[in-house]
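Coordinate analysis (summary)
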Amino acid sequence: MSEVAEVTMLGNGVVGVLAETCNKWERRAPLTPSHCARLLHSGKAGVSRIIVQPSTKRVYHDSLYEDVGCEISEDLSECGLIVGVKQPRLEMILPDRAYSFFSHTHKAQKENMPLLDKILEERATLYDYELIVGDHGKRMLAFGTYAGRAGMIDFLRGLGERYLSIGYSTAFLSLGASYMYPSLAAAKAAVISVGEEIATLGLPSGICPLVFIFTGSGNVSQGAQEIFKLLPHSFVEPRKLPELFEAARGLSPSSRTAKRTFQVYGCVVTSQDMVEPNDPSKTFNKVDYYSHPEHYSSIFHERIAPYASVIVNCMYWEHRFPRLLTNSQLRDLMARGCRLVGISDITCDVGGSIEFVNQTTPIDFPFFRYDPLSETYHFDMDGNGVICSAVDNLPTEFAKEASQHFGNILSKFIGHLASAKDVKELPSHLRRACITHKGSLTSLYEYIPRMRKSSTIELSEDAPSSTAEKKKHTVLVSLTGHLFDKFLINEALDIIEAAGGSFHLVKCQVGQSTDDPSFSEVEVGADDRAVLDQIIDSLTSLANKKGNQGSATSVMNEIVVHVGLVHENGTENGVEARRKAAVLILGAGRVCRPAAELLASVTSISSWEWSQTSDQVESDEANEVEVIVASLFLKDAEEVIQGIPNARAIQLDVSDVGSLHKHVSEVDVVISLLPASCHSSVANACIEVLSPFSVVVTCENRLKV
């Protein structure tokens, strides 16, 4: 298309509304007929025409759009701005237009890069709703509250079925799923009716006190609590949960059988209720926790989960933080008779804070059952274990109200987007949301190609071909803070490249809201140690400068930098190093350092009598022993090996079977100094690898080989 045609299309005031095609349940619209009517007939400049693609499943019928003056057509070629909710199919992207939808591309997510490539190829302009942030620092366009509402109603319905399967009839059984009601008001009325039955007839004493634990206090949690509060209820402070259960235990057996409870209980927990410092002399500090999560351990399974009937998971989580509930913790809880019935994982975080959640569930089949004792998954309500829902598109269950809410905000600045011929004409909050303009990445998002070039793998050791590892000196740098919403990732990468260094992105986890920090691990490389030191100093100065600009009472500085140990790559004088026997130590507790020191001091395999275990190693071979210490948190492992020759640290999550197998296969001996519950998975990995030197060593009264 010619430059003249391009200029004519952008800013021509013609808006197109996409038909949603991402999945069968998506019935939302970015603009409702009432929003379109106001845009077309308010007399304000910006929107001259609105063309709506026909859809037979959109919550608003095509005729309603026609009634207010919209045009119905599959052809959106006359539109300068095309809006949707979710990503359109690639073939729907037209050249030289502006698009606005949730693209999920600014984090360089691999699965969405074909969409970004198509946008760039077609010289299109892309605005992402997720990046539109107001002066208050929060996202302006989001559906979190609706996810909480729908998720809570859906789980109450499943709760009724689950209780029936274990022998209890409850009022929850009469509740339908959110999408079954014509409106949010109708769904709320149904919940109120359930609440009235509980207040009148009560709940069986065998399932009481019925306690709902809400994690987090954001929009998702607020939406879930809004539905919960329609039931007769009381909220309990986390520290008072034991008192609630002690009162229930005080009843005689006959009283418990006859007595019914006429309310449910809620408890909201935040990070201070979920973790505690590893150092018993310290108290919880939120700033320190976000900066140094490796210094904290989970207490949720000890102090909260034993009293939970239902866990409503609404919190943001990253892999560097302790899990809310691991599989082994859940198994121990259930073995001790924990009353947990189910988990509503509204965050839908697969492999996240609830370890056993390994899948998402569709709206029409929202539940699966997990038996922690047998570690098996089932798709019914009968049998042992806990039920779980993990639906990833909950807001569309209230498509009408969610669309109205969304359009109320979008319509306020749709005129700016429709009439702007250049991104420079837009208000600052819209300029910041523009990822591409006329086929080029805008300056704020120029980091995306750099992130794409660097494969997002877990360990720098896994990427011998990475740019950074080709350098003589490398160091792992952790960046935590507002990396993307404040665009500090750009500054950090610019510092590295301007100094002549290179980088390899090891991890990248982006906060889900502007309140949540982002986290990146970057392996920085340079051939000159002085250059590497300069880069580290500059990154540290960046953190200090940004941190000092914030208030002392802020939850978190804009960026925090942690620098690991510098490693030298290659071999001295070009001579290949002789083979070393390798020992992998799993864990970073107090006994790990003495073990690492002992093993690193071994100067020959025969001195450790390993020749008795295999004829593959000659007894007179005098190779040194390489000690590899692996921990869930790299910093802990680095502290263990500090000053120990022939030792190196790696990050390893033993629940990641593929990564565990890889590292086990590369060593001669495996020593597990982890909790006993982890030994079986390590032993299985050693057996499956079939290395003759692969042995699991448990640490009890003494070290055994």
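Because the structure is a prediction, the values reported are computed rather than measured.

Let's talk about the packing of aromatic side chains
- Counting across every chain of the model gives 23 aromatic pairs.
- Taken together, a centroid distance of 6.2 Å and an interplanar angle of 55° make the contact between Phe102 and Phe143 tilted. You can see Phe102 sitting in the loop between β5 (98-101) and α4 (113-121) and its partner Phe143 sitting in the loop between β6 (125-128) and α5 (144-165), a full 41 residues away along the chain.
- Judged by relative accessible area, which is 7%, Phe102 ranks as buried.
- When the centroid spacing of 5.1 Å and the interplanar angle of 50° are considered together, the rings of Tyr289 and Phe321 count as tilted. Here the residue Tyr289 occupies a position in helix α11 (residues 286-291), and Phe321 occupies one in the loop between β14 (310-313) and α13 (327-335), the gap between them amounting to 32 residues. The exposure classification of Tyr289 matches that of Phe321, with both residues buried.
- Taken together, the aromatic side chains of Phe284, Tyr289, Tyr290, Tyr296 and Phe321 make up a single cluster linked through ring pairs.
- Its end group placed over the ring of Phe143, Arg28 keeps NZ or CZ at 4.3 Å from the ring centre.

Some thoughts on the sheet that holds strand β9 (residues 233-235)
- Judged by pairing direction, the sheet is mixed, and its eight strands sit side by side in the order β9-β11-β8-β14-β15-β18-β16-β17 without closing on themselves. A strand with exactly one partner marks an edge of an open sheet, and here the two such strands are β9 and β17 (376-378). Between one strand axis and the next, the sheet turns through 25° on average, direction left out of account.
- In the sheet, strand β8 (residues 211-215) pairs with strand β11 (residues 264-269) via five bridges, with the strands oriented parallel.

Some thoughts on the packing of helix α2 (residues 33-41) against helix α14 (residues 399-419)
- One can describe the packing of α2 onto α14 by two numbers: an axis separation of 9 Å at closest approach and a directional angle of 15°. What the angle tells us is that α2 and α14 run roughly parallel. In terms of crossing hand, the pair formed by α2 and α14 is right-handed. Mapping the contact onto sequence places Ser34, His35, Arg38 and Leu39 in α2 and Ser403, Gln404, Gly407, Asn408, Ser411 and Ile414 in α14.

With respect to unusual backbone geometry
- A cis amide bond links Cys208 with the next residue in sequence, Pro209, at an omega value of 0°.
- Residue position: Pro209 is located in the loop between β7 (203-204) and β8.
- Unlike most non-glycine residues, Asp96 shows phi in positive territory, near 60°.
- With respect to the helices and strands, the residue Asp96 is situated in the loop between β4 (81-83) and β5.
- A relative accessible area of 1% places Asp96 in the buried class.
- Look at His104: it is not a glycine, yet its phi comes out positive at around 50°.
- Looking at where His104 falls in the secondary structure, it is placed in the loop between β5 and α4.
- Exposure remark for His104: the relative accessible area of 28% places this residue in the partly exposed category.

As for the confidence of the model for the protein chain
- Looking at the protein chain, the pLDDT average stands at 83 and 82% of residues meet or exceed 70.
- A low-confidence stretch, residues 604-622 (pLDDT under 50), is modelled with 28 contacts involving residues beyond four sequence positions or located in other chains.

Notes on the pairing of strand β1 (residues 14-17)
- Burial of the side chains of β1 extends over both faces: Val14 and Gly16 are buried on one face and Val15 and Val17 on the other.
- Note: β1 against strand β2 (residues 49-52), four bridges, orientation parallel. What sits directly across from Gly16, in β2, is Ile51.
- Pairing between β1 and β4: three bridges, direction parallel.

Remarks on empty space enclosed by the protein
- What the rule picks out here adds up to two cavities of 30 Å³ or more.
- For the largest cavity, the calculated volume is near 50 Å³.
- For the largest cavity, the lining is made up of 14 residues, of which Leu10, Ala98, Tyr127, Leu417 and Ala420 are closest to its centre.
- Those elements that provide at least two residues to the lining of the largest cavity are β6 and α14.

Describing the packing of α5 against helix α7 (residues 219-228)
- Viewed as axis vectors pointing N to C, α5 and α7 meet at an angle of 45°, and their least axial separation amounts to 6 Å. Taken as axis vectors, α5 and α7 run oblique relative to one another. Here α5 and α7 pass one another in a crossing that is right-handed. Each of Gly144, Thr145, Gly148, Arg149, Met152, Ile153 and Leu156 in α5 lies in contact with α7, whose residues at this interface are Asn219, Val220, Gly223, Ala224, Glu226, Ile227 and Phe228.
- Tallied by class, residues from the contact of α5 with α7 come to seven nonpolar, five polar and two charged.

Overview of the pattern of salt bridges
- Inspection of the entire model under this criterion finds 18 salt bridges.
- Here Glu91 ties to Arg89 by a salt bridge, and the two come within 2.8 Å at their closest N and O atoms.
- For Arg89, a relative accessible area of 40% translates into the label partly exposed.
- Of the charged contacts in the structure, one is a salt bridge between Lys118 and Glu122, with a shortest N-O distance of 3.0 Å. Here the two residues Lys118 and Glu122 agree in accessibility, since each one is buried.
- Each of Arg49, Glu71 and Glu78 takes part in salt bridges that share partners, so that together they form one network.

Description of α2
- Those residues of α2 that sit buried are Pro33, His35, Cys36, Ala37, Leu39 and Leu40.
- Considering only its buried residues, α2 is in contact with β2, α3 (62-67) and α14.
- Following α2 by one or two positions, Gly43 adopts a phi angle in the positive range, close to 85°.

So, the nonpolar core
- Ile50 and Phe212 are the most contacted members of the largest nonpolar core, which has 127 residues in total.
- At nine residues, the largest contribution of residues to this core is made by α5.
- Residues in contact with Phe212, not counting those within four places in the same chain, are Met152, Leu156, Leu159, Phe228, Val264, Tyr265, Gly266, Cys267, Val310 and Val312.
- If you look at the next biggest cluster of nonpolar residues, it comprises 40 residues, including Phe245, Met274, Ala305 and Tyr370.

Details of α4
- Along α4, the positions that sit buried rather than exposed are Met113, Leu115, Leu116, Lys118 and Ile119.
- In this structure, the buried side of α4 is in contact with β5, β6, β19 (434-437), β20 (440-441) and α16 (447-453).
- One or two residues past the end of α4 sits Arg123, with phi positive at roughly 55°.

Calculation notes
The numbering scheme is per chain: residues are counted from 1 as the chain's sequence reads. Per-residue local features are limited, in this predicted model, to residues with pLDDT of at least 70; the limit for side-chain atom pairs, both in listing and counting, is 80 or more; totals at the level of whole chains, interfaces and linings are taken over all residues. Only hydrogens and water are set aside; all other atoms, that is, all heavy atoms of the structure, feed into the side-chain values. Stacked, edge-to-face and tilted are the three classes for Phe, Tyr and Trp ring pairs, Trp counted by its six-membered ring, which pair at centre distances within 6.5 Å; planes under 30 degrees apart are stacked, over 60 edge-to-face, the rest tilted. For helices the rule is a DSSP run of H or I covering at least 4 residues; for strands it is a run of E covering at least 2, with both sets numbered from the N terminus onward. Burial here depends on accessible area, computed with a 1.4 Å probe over protein chains only, as a share of the maximum for the residue type. Under 20% is buried, over 50% is exposed, and the range in between is partly exposed. Each ring is checked for a lysine NZ or an arginine CZ that lies within 6 Å of its centre and within 35 degrees of its normal; such an atom marks a charge sitting over the ring. Strands are treated as partners if at least two bridges between them are detected by DSSP. Working convention: axes come from line fits to C-alpha atoms, limited for helices to the stretch in contact. Angles between N-to-C directions cover 0 to 180 degrees. In what follows, roughly perpendicular refers to angles from 65 to 115 degrees, roughly parallel to angles under 35, roughly antiparallel to angles over 145, and oblique to any angle outside these ranges. Should the near helix be turned anticlockwise from the far one by less than a right angle, the crossing is left-handed, and should it be turned clockwise, the crossing is right-handed. Residues count as neighbours in contact if any of their non-hydrogen atoms are within 4.5 Å of one another. Confidence per residue, as judged by the predictor, is encoded in pLDDT with a range of 0 to 100. Of the grid points, spaced at 1 Å and generated over the protein atoms alone, those admitting a 1.4 Å probe that cannot get out make up cavities, while open sets with protein on both sides within 12 Å along at least five of seven lines make up pockets; any residue with an atom within 4 Å of a point is treated as lining. Grid points are joined across faces, edges and corners, and a volume is the space filled by probe spheres set on the points. Polar here means any residue outside two lists: the nonpolar Ala, Val, Leu, Ile, Met, Phe, Trp, Tyr, Cys and Pro, and the charged Asp, Glu, Lys and Arg; Gly therefore counts as polar. Should a side-chain nitrogen of Lys or Arg be within 4 Å of a carboxyl oxygen of Asp or Glu, the pair is scored as a salt bridge. We define the nonpolar core as a collection of buried residues of types Ala, Val, Leu, Ile, Met, Phe, Trp, Tyr and Cys that are connected through side-chain atoms lying within 4.5 Å of one another.

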